[in-house]
Amino acid sequence: MSSDTTGNDNTYSEPRNRQPGTLVMTERWWGDRYDEIENHGYRLRPRYHPQWQPSWLELGKDFYAVEDGQPTILRAAMDAIRIRDGLPVMLKKVLPEEGPHELAINQLFSTSEMERQPHNHCAPLLDVIELERSGSQRLMVFPLLRRFDEPPIQTVGEFVAFFTQLCQGLQFMHQRNVAHRDCTANNIMFDASEMYPNGFHPVKIDRNRNFKGRAKAYTRTKRPPRYYFIDFGLSRRYPSRDVTDDPLRGGDRSAPEHQSGRRCNPFHTDIYYIGNFVRQEFVNKYHGFEFMEKLVNWMTHPDPEKRPRIEDVLWSFARTRASLRPGKLRSAIISTQEPRLFGAIRKARQSIRTLQYITSRYPAIPESYT
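Residues numbered from 1 in each chain as written. Predicted model: local features only at pLDDT ≥ 70, side-chain atom pairs only at ≥ 80, totals over all residues. Heavy atoms only, no water.

Per an unreviewed UniProt entry, the protein chain is named Kinase-like domain-containing protein, and its organism is Multifurca ochricompacta.

Now the structure itself:
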């Protein structure tokens with residue numbers, strides 16, 4: 001069997017006669033290593049067991065209606081559970097040719113000393129395992145997280161808590177001379193264990209882990225989550241923050257300094273990424289985010305040298321945060337694309353929630369202290 005870690009080898013090419021619901025090319029690499037991964041203390045879903053037989057054939061259902069019909073279509077990662085305690089995790093291949101510093105940076109921020117730091121918002125590395133069958137292919141183990149907007153942030157106060165954590169996390173990295181270099185929407189996640197105390201399915205995230213109903217969820221205001229940066233494949237640690245490097249284009253390719261292809265300061269580009277992320281995901285999408293426009297414009301200044309350092313961002317946002325009144329913080333976030341009637345309904349529902357939050361003394365800015 002091929003030891004190719006990317007799934008590009010002919011051994012893992014997609015068969016022309018693949019039946020609907022059966023394993024796709026990227027999944028078969030993991031299925032072939034089911035037993036070895038289990039020997040390391042992690043178990044893949046039944047779909048990847050060597051003796052797996054599709055349950056939908058026996059049940060007379062469509063494959064998408066049953067748990068073992070749900071594929072994990074990720075090129076270099078796979079969901080699993082930690083056998084000793086049932087913790088849902090994500091396994092990710094270490095690919096040095098693509099991210100030469102990824103493992104080292106994850107290990108740097110996951111030491112016992114670093115983990116105790118409240119402003120460390122780098123996804124914790126739980127374990128590293130080595131698969132002998134794969135030519136010493138190593139796998140990093142992380143907790144199973146959700147994307148920052150699944151489900152969407154509901155109130156301005158929830159956004160304020162989110163953005164505060166984001167900036168604190170970036171400051172934590174920058175103070176240690178680490179530039180993320182791809183801190184964009186797909187690499188910002190949150191730990192949903194408090195919001196979803198009974199868990200959720202890793203593929204159909206609105207369903208229970210066992211796929212037999214909807215996942216029970218609380219709001220961010222009731223159960224404040226902790227947000228994390230993931231994917232340090234493009235990241236690097238430098239001697240200081242006053243450096244230049246060749247530009248690397250990740251999820252956001254709009255940074256002005258990348259258009260010329262000349263060397264630039266990656267810490268300045270991180271600031272641009274976060275500012276442009278807020279512009280694209282909040283300011284341009286929702287009503288009521290005018291309070292962020294000045295800071296976002298500063299963070300995305302066309303001249304990288306005129307952008308703020310992350311410490312300046314935090315200082316500026318602290319002043320903005322202090323200026324927001326409770327009514328604004330508790331107000332619903334309404335999409336600019338949402339019909340006016342639906343927006344009115346959303347506001348009415350949020351008003352009811354707000355009364356409940358005030359009565360139960362939930363703060364308008366839900367801070368996570370975990």
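## What about the overall build of the protein chain?
Helices and strands together make up the secondary structure of the protein chain, namely twelve helices and ten strands. On C-alpha atoms alone, the protein chain measures out to a radius of gyration of 22 Å, which is about the 21 Å that the 2.2 N^0.38 rule sets for 370 residues. Judged by the C-alpha coordinates and their principal axes, the protein chain covers about 60 × 50 × 40 Å. Per-residue burial over the protein chain gives 50% buried out of 370 residues. Intrachain contacts of the protein chain at a sequence separation of at least 6 include 66% that bridge at least 24 residues. Counting every atom, the protein chain has about 18,600 Å² of accessible surface; 49% of that belongs to carbon and sulfur. Across the protein chain, 54 positive and 45 negative side-chain charges occur, with their mean positions spaced 7 Å apart. (Helix = DSSP H or I, 4+ residues; strand = E, 2+ residues; numbered from the N terminus. Rg over C-alpha atoms; globule rule 2.2 N^0.38 Å. Buried < 20%, exposed > 50% of the residue type's maximum accessible area, 1.4 Å probe, protein only. Contact = heavy atoms within 4.5 Å. Areas by Shrake-Rupley, 256 points an atom, 1.4 Å probe, with all protein chains shown as cover. Lys, Arg positive; Asp, Glu negative; His and termini not counted. Charge placed at Lys NZ, Arg CZ, Asp CG, Glu CD.)

## Focus on the sheet that holds strand 6 (residues 146-147)
Spatially, 6-8-9 is the arrangement adopted by the three strands of the open sheet, whose pairing is antiparallel. Edge strands, defined here as strands with exactly one partner in the open sheet, are strand 6 and strand 9 (226-229). Pairing of strand 8 (residues 188-191) with strand 9, which is carried by four bridges, proceeds in the antiparallel orientation. Of the residues in strand 9, the one forming a bridge with aspartate 191 is arginine 226. In this fold helix 6 (residues 156-174) packs onto strand 8 and strand 9, with an angle of close to 40° to the strand it touches most, strand 9. (Pairing = 2+ DSSP bridges. Axes fitted to C-alpha atoms, helices over the stretch in contact; angles between N-to-C directions.)

## Let's talk about the side chain of threonine 269
Looking at where threonine 269 falls in the secondary structure, it is placed in helix 8 (residues 266-283). By relative accessible area, threonine 269 is classed as buried at 3%. A distance of 2.7 Å separates a polar atom in the side chain of threonine 269 from a polar atom in the side chain of glutamate 257. Ignoring anything within four residues of it in the chain, the contact list for threonine 269 reads Ala255, Glu257, His258, Cys264 and Arg307. (Polar contact = N/O pair within 3.5 Å; in protein donor to acceptor, adjacent residues only side chain to side chain.)

## Quick look at helix 6
Spanning 19 residues, helix 6 covers 27 Å between terminal C-alpha atoms, matching the ideal 27 Å at 1.5 Å per step. Extensive coverage of helix 6 is indicated by the burial of 19 of its 19 residues. (Expected span 1.5 Å × (residues − 1).)

## A closer look at the nonpolar core
Of all hydrophobic cores here, the largest spans 59 residues; its most connected members are Phe109, Phe159, Phe162, Phe163, Phe229, Phe277 and Met292. Sorting the residues of this core by element identifies helix 4 (102-108), helix 6, strand 8, strand 9, helix 8, helix 9 (293-299) and helix 10 (310-323) as the ones contributing at least two each. Among the elements that line this core, the one with the most residues is helix 6, at eleven residues. By size, the runner-up hydrophobic cluster in this structure holds 19 residues, among which are Leu23, Trp52, Trp56 and Ala80. (Core = buried A, V, L, I, M, F, W, Y, C linked by side-chain atoms within 4.5 Å.)

## As for a nonpolar patch on the surface
Nonpolar side chains collect at one region of the surface, where Leu341, Phe342 and Ile345 lie side by side and expose about 310 Å² of accessible area between them. Here isoleucine 345 shows up in helix 12 (residues 340-359). (Patch = residues over 30% accessible without salt bridge, like charges linked within 9 Å, V, L, I, M, F, W, Y side chains within 5 Å. Salt bridge = Lys/Arg side-chain N within 4 Å of Asp/Glu carboxyl O.)

## Some details on helix 12
In a regular helix each residue adds 1.5 Å, so 20 residues correspond to 28 Å; helix 12 covers 29 Å between its end C-alpha atoms and thus fits that length. Buried within helix 12 are the following residues: Gly343, Gln350, Thr354 and Tyr357. Buried residues of helix 12 fall within an arc of 60° about the axis and therefore sit on the same side. Opposite the buried face of helix 12, at more than 90 degrees from it, the exposed residues are Leu341, Arg349, Ile352, Leu355 and Thr359. Count one or two residues on from helix 12 and you reach arginine 361, which has phi positive near 65°. (Arc of directions from axis to C-beta.)

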